[in-house]
Amino acid sequence: MKLIGSLTSPYVRKVRIVLAEKKLDYELILDDPWGPGARAAEHNPLGKVPCLIMDESGALFDSRVIVEYLDTLSPVGRLIPPPGRERIEVKRWEAVADGVMDAAAAAFLETHRRPESQRNPDWIARQHQKVHAGLDYMEQLLGEQSYCMGVNLCLADIAVGAALGYLDLRFPGLDWRAGHPHLARLAEKLDTRPSFTTTRPPAA
Ligand code: GSF
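Now for a look at the structure at hand. (Residues numbered from 1 in each chain as written. Predicted model: local features only at pLDDT ≥ 70, side-chain atom pairs only at ≥ 80, totals over all residues. Heavy atoms only, no water.)

1. Topic: the pattern of salt bridges
Okay, step 1: Counting across every chain of the model gives 12 salt bridges.
Okay, step 2: For the salt bridge of glutamate 42 with arginine 39, the shortest nitrogen-to-oxygen distance reads 3.5 Å.
Okay, step 3: Arginine 85 serves as the salt-bridge partner of glutamate 89, at 2.9 Å between the closest nitrogen and oxygen. Of this pair, glutamate 89 and arginine 85 both sit in helix α4 (residues 85–112), four residues apart, which is roughly one turn of the helix.
Okay, step 4: The exposure class of glutamate 89 is partly exposed, given its relative accessible area of 23%.
Okay, step 5: Using a relative accessible area of 62% as the deciding quantity, one classes arginine 85 as exposed. (Salt bridge = Lys/Arg side-chain N within 4 Å of Asp/Glu carboxyl O. Helix = DSSP H or I, 4+ residues; strand = E, 2+ residues; numbered from the N terminus. Buried < 20%, exposed > 50% of the residue type's maximum accessible area, 1.4 Å probe, protein only.)

And the structure:
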């Protein structure tokens, strides 16, 4: 398998952490989806990373679809429960974590990649509000639990860890740990796993 992605994308990191936890081999093809000659657009009509090129049956895109597929490839370290209530709760965790990534990435692009004269401060503030509300929601849902779903690591933790890592990368002054001690404890624990350390984004 080949994974088209960048080292800073939190969605790509989520997929790479899953690949590492599942001990699946792959080749990483580095790509800048915004740059000229982006590879992702050759396989994903939306031109986004991550994009997984499967050995025989075409390409998959959107991190949520990719991780669901990867979890079926090997029984090693199942990350998504079978259909039922628990699975939906994991998916809800992933939705809120991805939503935090969406809002943070949108705010970053608007603030740092758009010419100042075209920036919309209200829109940026709206994205920041989503980040804060998402963090508060996850903090409350996690509570004193060791992991998002209780005692075992699953996709929920990986999605949350990738989102928190992205905040550290793009908003180092945010200090999200201050008001979210449960999330801070989870992040610290996740950051000791080889799947997290080997996929840590390079300093911005
Ligand atoms: C989001 C992927 C995405 O926005 C997923 O895979 O989960 N829901 C999708 N990727 C960005 C890079 S980044 O912000 O991590 C991307 O490829 N953007 C290029 C573009 O043209 O929008």
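2. A word on the layout of surface pockets
Okay, step 1: Size it by volume and the largest pocket reaches roughly 810 Å³.
Okay, step 2: As for the largest pocket, its lining consists of 28 residues, of which Ser9, Tyr11, Trp34, Lys48 and Val49 are closest to the centre.
Okay, step 3: Residue assignment for the lining of the largest pocket shows that the elements contributing at least two residues are α1 (10–21), α3 (63–73), α4 and α6 (155–170). (1 Å grid on protein atoms, 1.4 Å probe; cavity = no way out; pocket = protein on both sides within 12 Å on 5 of 7 lines; lining within 4 Å. Points joined across faces, edges and corners; volume = space filled by probe spheres on them.)

3. What to know about α1
Okay, step 1: Across its 12 residues, α1 extends 16 Å between first and last C-alpha, which sits within 8% of the 16 Å expected from 1.5 Å per residue.
Okay, step 2: Against β1 (2–5), β2 (27–30), α3, α4, α6 and α8 (194–197) lie the buried residues of α1.
Okay, step 3: With a side-chain oxygen lying 3.3 Å from the backbone nitrogen of tyrosine 11, the N-terminal cap of α1 falls on serine 9.
Okay, step 4: Once α1 finishes, lysine 23 follows within two positions and takes phi at roughly 55°, a positive value. (Expected span 1.5 Å × (residues − 1). Contact = heavy atoms within 4.5 Å. Polar contact = N/O pair within 3.5 Å; in protein donor to acceptor, adjacent residues only side chain to side chain.)

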